Amino acid sequence: MTTTRIPLGASLLALGAGAVWSLGGITAKVADGADAFQYLLWRSVGVIVVIEVLSFLQHKPAPTITAYRSGWLMIVANVMLFIASFGFVYAVKTTSPANAAFLGSTVPIFGALLAWVILREKLNWVTIVAIVVAFVGLIVTVMGDLGSGTMVGNLAALSSAIGFAGYSVCVRSDRTRDWSPVLGGYGVMMVAVCGAVTIAKGNPLVPPTGDLLLALLHGGVIIVLGTFMFNHASKQVPAAVMTLFAQTEMVLVPIWSITLLGERPKTTVLIGGCIIFAAILGKAIYDARSANQAPVTAPTLV
């Protein structure tokens, strides 16, 4: 077994992907004239339009159609990513970006648990300790919000983490498949559901212009660009290391909310968030060190 060096450019690209994605939490919070359903509707429109145009220019099959013609596992992946995306944006809209980021960062923990239950993957002692510590952090994080009216947002953030974890299990169950069409698949689902809910609530489908542009920017630029950077980096960076690098998104979201939006998270949120990050980063560093002992592979990730 030999240590394989990861190219600096690929590492920076992976870190940059998380940084780009983190800006989405800010655009969602700033677009306060649109509720979560209106925002998600137009964010998804931005995603669909851009990826369909890119696929057309590259002479590839339409990803939105492919997402629903590639078997039941792809459809499950669509649903899981739908839950993940809806949960995170709804959390940002109804609670603080810091809460959404800290609770959403538990994806690797829920991913390990689901992989243990569904894929029968073994849990080593590092993962077990990380799970226990992370759940302590979860309890501390939400304790300060009991009775504050933001628990729905916290639950949405946790559902986001579970959704992403479920999606990751789908990917790990068939690493040879191209999962990129899911980006369009869950987008169509989001447009249909959020459009129906918006009409049922009696709200206009089109929010104020500024909020509409922010939603389109989030979907068509932030999500697509971040995903492109992440996918390109994954060709040279092991999956375990990518998990570590991807945490830059959840680290930066609270920083942006404090520096750009002037928000001040509660003490319990900060303490709980630090405990969660300690668990996640400890496990990620351990996994990354193990991954560096093997040749670099190119997993198919979205």
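This structure is a prediction, so every number in the text was calculated from the model and none was measured.

## Side note on the confidence of the model for the protein chain
Detail in the predicted coordinates should be disregarded across regions flagged by low pLDDT. Looking at the protein chain, pLDDT values average 83 and 88% of them are 70 or higher. Segment residues 293-302: pLDDT under 50, and 35 contacts once partners within four positions in sequence are set aside and those in other chains are kept.

## Some thoughts on the nonpolar core
The biggest cluster of nonpolar side chains holds 56 residues, and the ones touching the most others in it are Leu103, Tyr167, Trp179, Val182 and Tyr186. Top contributing element to this core by residue count: helix H4 (residues 72-94), with 9 residues. Among the nonpolar cores identified, the runner-up in size contains 6 residues, and Ala17, Val20, Ile222 and Phe230 belong to it.

## Examining unusual backbone geometry
A positive phi angle, close to 60°, is found at histidine 59, a residue other than glycine. Residue classification places histidine 59 among the exposed residues on the basis of a relative accessible area of 75%.

## Considerations on the packing of aromatic side chains
The tally for this structure, following the rule as stated, stands at 7 aromatic pairs. Feature note: the residues Phe37, Phe82, Phe86 and Tyr90 constitute an aromatic cluster, connected by ring pairs. Over the ring of tryptophan 179 we find arginine 177; its NZ or CZ atom is 5.2 Å from the centre of that ring.

## Structural notes on the side chain of asparagine 78
With respect to the helices, strands and loops of the structure, asparagine 78 is situated in helix H4. For asparagine 78, a relative accessible area of 0% corresponds to the buried category. For asparagine 78, the side chain forms a polar contact with the main-chain oxygen of alanine 67, separated by 3.1 Å. Setting aside residues up to four positions removed in sequence, asparagine 78 forms contacts with Ala67, Tyr68, Val182, Gly185, Tyr186 and Met189.

## Observations regarding the packing of helix H2 (residues 36-57) against helix H9 (residues 182-200)
The interhelical angle for the contact between H2 and H9, taken along N-to-C directions, is 150°, at an axis separation of 8 Å. Classed by the angle they form, the pair H2 and H9 counts as roughly antiparallel. The two elements H2 and H9 meet at a crossing, and its hand is left-handed. Within the contact between the two elements, H2 uses Phe37, Gln38, Leu40, Leu41, Arg43, Ser44, Val45, Val47, Ile48 and Ile51 and H9 uses Leu183, Gly184, Tyr186, Gly187, Val188, Met190, Val191, Cys194, Gly195, Val197 and Thr198. Looking at side-chain class alone, the contact of H2 with H9 contains 14 nonpolar, 6 polar and 1 charged residues.

Thresholds applied
- Residues numbered from 1 in each chain as written.
- Predicted model: local features only at pLDDT ≥ 70, side-chain atom pairs only at ≥ 80, totals over all residues.
- Heavy atoms only, no water.
- pLDDT = per-residue confidence, 0-100.
- Contact = heavy atoms within 4.5 Å.
- Core = buried A, V, L, I, M, F, W, Y, C linked by side-chain atoms within 4.5 Å.
- Buried < 20%, exposed > 50% of the residue type's maximum accessible area, 1.4 Å probe, protein only.
- Helix = DSSP H or I, 4+ residues; strand = E, 2+ residues; numbered from the N terminus.
- Phe/Tyr/Trp six-rings, centres within 6.5 Å; stacked < 30°, edge-to-face > 60°.
- Lys NZ or Arg CZ within 6 Å of the ring centre and 35° of its normal.
- Polar contact = N/O pair within 3.5 Å; in protein donor to acceptor, adjacent residues only side chain to side chain.
- Axes fitted to C-alpha atoms, helices over the stretch in contact; angles between N-to-C directions.
- Parallel < 35°, antiparallel > 145°, perpendicular 65-115°, else oblique.
- Left-handed = near helix turned anticlockwise from the far one by under 90°.
- Nonpolar A, V, L, I, M, F, W, Y, C, P; charged D, E, K, R; others polar.

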